[in-house]
Every structure is written in structure tokens, then in C-alpha cells.
Amino acid sequence: MRIKQITTTNVRIPYAAPVGPYIGRRSVGGHGTLGAGGLIVKIETDTGIIGWGEGTGEFETNPNTILAAHRVANIEGALAAMELAGINKGPMSGIEMALWDALGKHAELPVYQLFGGQVRDEVDFCACMGLKEPTESAATAREYIDRWGFRFLKTKAGDDSDDDLQIAEAIQGEVGNDAVLRPDANNGYSPEEAKSVLRRMKDLGVRYFEDPCPSEHLDALVHFRMEIGMGILVNMGVGTPDTVLTLLANEGVDIIMPDTPAAGGMIRVKKVAAVAEAYNTPCLMHCSHDLGLKTAAITHIAASTPNFSGPNDTCYHGLTDDILAEPLRFKNGKIRVPSNPGLGVDVDEAKIEKYSV
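A brief structural summary. (Residues numbered from 1 in each chain as written. Predicted model: local features only at pLDDT ≥ 70, side-chain atom pairs only at ≥ 80, totals over all residues. Heavy atoms only, no water.)

## Brief notes about the overall build of the protein chain
Helix and strand counts for the protein chain stand at 13 helices and 13 strands. Structurally, the protein chain occupies a C-alpha span of about 60 × 40 × 35 Å along its principal axes. Looking at the protein chain as a whole, 59% of its 357 residues are labelled buried. In the protein chain, 76% of the contacts between residues at least 6 apart in sequence involve partners at least 24 apart. Roughly 14,100 Å² of accessible area belongs to the protein chain as shown, and the carbon and sulfur atoms make up 46% of that amount. For the protein chain, the distance from the average position of its 33 positive side-chain charges to the average position of its 48 negative side-chain charges is 4 Å. (Helix = DSSP H or I, 4+ residues; strand = E, 2+ residues; numbered from the N terminus. Buried < 20%, exposed > 50% of the residue type's maximum accessible area, 1.4 Å probe, protein only. Contact = heavy atoms within 4.5 Å. Areas by Shrake-Rupley, 256 points an atom, 1.4 Å probe, with all protein chains shown as cover. Lys, Arg positive; Asp, Glu negative; His and termini not counted. Charge placed at Lys NZ, Arg CZ, Asp CG, Glu CD.)

## Observations concerning the packing of aromatic side chains
If you walk through the whole model with that rule in mind, you get 8 aromatic pairs. Relative to Phe115, the ring of Trp100 has its centre 4.7 Å away and its plane inclined at 75°; by these criteria the two rings are edge-to-face. Of the two residues, Trp100 sits in helix H3 (residues 89–107) while Phe115 sits in the loop between helix H4 (111–114) and strand S6 (122–128), which places them 15 residues apart along the sequence. Assessed through its relative accessible area of 10%, Phe115 is described here as buried. Cluster of aromatic residues (ring-pair linked, three or more members): Phe125, Tyr144, Trp148, Phe150, Tyr316 and Phe330. (Phe/Tyr/Trp six-rings, centres within 6.5 Å; stacked < 30°, edge-to-face > 60°.)

## Section: the side chain of Lys270
Turning to its location among the elements, Lys270 is positioned in helix H11 (residues 266–278). Buried and unpaired, Lys270 has Glu277 as its nearest opposite-charge partner, separated by 8.3 Å. Every residue in contact with Lys270, bar those within four places of it in the chain, is listed here: Phe115, Ile301, Ser304 and Thr305. (Salt bridge = Lys/Arg side-chain N within 4 Å of Asp/Glu carboxyl O.)

## Quick word on the nonpolar core
With 111 residues, the main nonpolar core has Ile95, Leu153, Phe224, Ile256, Met266 and Leu293 as its most contacted residues. With 8 residues, the single largest contributor to this core is H3. Dropping the residues within four chain positions of it, Phe224 is found in contact with Pro191, Ala194, Lys195, Leu198, Pro212, Cys213, Gly229, Met230 and Ile232. (Core = buried A, V, L, I, M, F, W, Y, C linked by side-chain atoms within 4.5 Å.)

## A closer look at the sheet that holds strand S1 (residues 3–14)
Taking strand neighbours across the sheet as the criterion, the 3 strands line up as S1-S4-S5 in an open arrangement whose pairing is antiparallel. In this open sheet, the two strands that pair with only one neighbour each are S1 and strand S5 (50–55). In this sheet, adjacent strand axes meet at a mean angle of 20° when their direction is disregarded. Across the sheet, H3 lies against S1, strand S4 (35–45) and S5, angled at about 150° from S5, the strand it touches most. Along the sheet, helix H12 (residues 292–303) contacts S4 and S5; its crossing angle with S5, the most-contacted strand, is approximately 95°. (Pairing = 2+ DSSP bridges. Axes fitted to C-alpha atoms, helices over the stretch in contact; angles between N-to-C directions.)

## Comments concerning the side chain of Asp290
Relative to the assigned elements, Asp290 resides in the loop between H11 and H12. From its side chain, Asp290 meets the backbone nitrogen of Ser288 in a polar contact 3.2 Å long. For Asp290, the side chain forms a polar contact with the side chain of Lys294, separated by 2.8 Å. Beyond its immediate sequence surroundings of up to four residues, Asp290 is in contact with Ala36, Glu54, Thr295, Ile298, Tyr316 and Leu319. (Polar contact = N/O pair within 3.5 Å; in protein donor to acceptor, adjacent residues only side chain to side chain.)

## Details of helix H8 (residues 218–228)
Buried residues of H8: Leu218, Ala220, Leu221, Phe224, Arg225 and Ile228, and no others. Considering only its buried residues, H8 is in contact with helix H7 (191–204), strand S10 (231–234) and helix H9 (245–249). Positioned one or two residues after H8, Gly229 has a phi angle of 85°, which is positive.

## Things to note about the pattern of salt bridges
What the rule picks out here adds up to 24 salt bridges. Salt-bridge contacts for Arg151 lead to Asp124; the nearest nitrogen and oxygen are separated by 2.5 Å. Within this pair, whereas Arg151 is found in the loop between helix H5 (134–148) and strand S7 (152–156), its partner Asp124 is found in strand S6, the two being separated by 27 residues in sequence. With relative accessibility at 35%, the residue Arg151 sits in the partly exposed group. A relative accessible area of 11% places Asp124 in the buried class. Among the charged side chains, a network of salt bridges with common partners joins Lys154, Lys156, Arg182, Asp184, Glu210 and Asp313.

## A few points about the environment of Asn307
Relative to the assigned elements, Asn307 resides in the loop between H12 and strand S12 (312–314). For the pair Asn307 and Ile255, spaced 52 residues apart in the sequence, the C-alpha separation amounts to 9.8 Å.

## Concerning helix H6 (residues 161–175)
Its 15 residues place the ends of H6 21 Å apart at the C-alpha level, agreeing with the 21 Å of an ideal helix rising 1.5 Å per residue. For H6, the complete set of buried residues consists of Ser161, Asp164, Leu165, Ile167, Ala168, Ile171, Gln172 and Val175. The arc enclosing the buried residues of H6, seen along the axis, measures out at 160°, which places them on a common side. Two to three positions downstream of the cap, the backbone nitrogen of Asp162 sits 3.0 Å from a side-chain oxygen, assigning the N-cap of H6 to Asp160. (Expected span 1.5 Å × (residues − 1). Arc of directions from axis to C-beta.)

See below:
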């Protein structure tokens, strides 16, 4: 089975409240993200099978000139060819995902079986919210719990430590033991500021914190973990497997957070997880304001990877629609892994056209 034609379309679908507008860190240009988007990749094969993938960004080089008649099963070869041609990892990840989808359909197996089998049939998620005032943050947290059953919540932080602490205090007061809060500062604090903030966060009952300061400050991250007792997650700077070695070897992280657009594809996220597993460190997937194809791909990665056992990021619950014919559904904050061949989901091409940008 060989590639016959590759077609790409950028799409964007609006968020409904309370997810949208999603406010990121204001100090680095954060603004209201009004929806999720992605680069949707369609790969037609010479057997008539179609594979679908979701990446990010744009192709500066036509992928058809690079992968014409390429064997679908030679996914590592496709990645190597795209890298040689200078293709960025964001769009590359969409093609790689579509190849796995097509290969699974050809083999009549779900992708998680191609990845070695299934260790879980449901995948947990952490519901993301952006920066909101404390009262609104608490109300959003309660809605996330009551409406979708989420037991893990993520807020943004890193602009103003006093604001961050007030938001955390309001959420902790509202949710109590109903959910676990995980703020994310996107490296917004200096090591000194982070030390003070994390001590105060710990007093509020916060047990996990993502990217408090740049990861090159390894001594600070180790101090946060060992002396303060805060679980540290790192996403920023995590890409291919080599990017996590220093963090892991120096005990600077509790949980690694890779993502397909940063790594270049699903198999490379699996490789990051394999490196982390050697250090007995779990992984979670980072959220890139994903649509249904990427969300389905997360479930296949988590289903087939033992150390992907925790709650992966998501804003998917906020979408007003999806490009899938049947959107994925949360139950108790989890999604059941699709078991049909490939990614296990059907794409509605009319919706791709409707939401194209």
C-alpha cells in the first residue's frame, strides 16, 4: 500500500463557555483563544484506504513531492524523508498520524494494537482552563466536575504570583477533595519567585505544578521536588527523546509532558515515554487546543503505553462541534479508547469544509 495523494486543510472550531475564551499568560502575548484548530491531513492510498491525521502549522514544501508512492507502512522512512526536506514537526506529525490511521485500517487493527497492545481501555484527562478571576475560576472548576466528571483541573499561572495564589485558593476552596488542581506557569517565574510561590501553593493543598521556571534551573526543580515536596511536571522544551535526558538523569521532574507536534508524531511520543520509563517516570500528553483526531490519538498512545497512566491535558470538552462524524465523549473525565481499525473514528469531510480557514 502506497501513498497516492496528500491533502491538507487548516480548520478552526469555536469554544463555548466556560472553556472559551481561553486566556493564556498575558505577559507573553496571551489573549482569548476562541477555539481549537489543527492542520487536518488526508492521505489517499493506491488501495483506496484513506488515513486521517491532525497536526499543526503549514507545509512550506509540498509533501506530495517528498512522499509520492511512499510505502504507508514505512513510517520511520517517511519521518526521515520529511526531516531531510526541512519539514517542521507540527505538520510532520499530521502526516505521521494519518499513516498510522491508514496502516491500522489496512491491517484491520486499532492503532494501539500496532503499538504493541492495550494496557487500559479508558484514558483519563485533565480539564484545562485559562486565566480567570478567582470567583470565575472556582465556578468553572465546579462546572468541569459536575458537567463532565473531571477529577483533574489545570489553570494558567506565571504572570502575577499573588493573582495565581488567589485563583488557587478559590479553586481549592470550591473543589476540596473532588479534584486535583495543577497550575501551569509556562516558565513564568524566576527560580527564587517559584520557590516562594510553590511553598504557598503547597500550604493551599496544591500537589502538582507544571513548568514553574525554565528547566535549565535543574537545582531549583530538584529543590521544589525534594525540599518543598511539590510534584513537578515539565512540558516546555520537551520534544524528541534526547530533550528529556538531562531532566530525568538529574531527578528534576516527576512527570514528562510530550506532544505530537513538538515530537514530530505519535511514535516519537512513544519514544519519549520509553526513555522516561527507564527512569520510572510517568508521561502525560500536553494539550495544543486539539480536535477529535488528535484527541483520539492521545487515547491510543495512552492505551498502549504503561507509563501514560495519568490525566492528559484537554480542552476538547469546550468545542461546539468537531470534524468527526461522532464526537468523542467524556464520562467521569475519561474517554473510552476507540476500538475500530486505525484511530477508530470517522471524519466528516463536510465539516472540514465548513470549518476550514
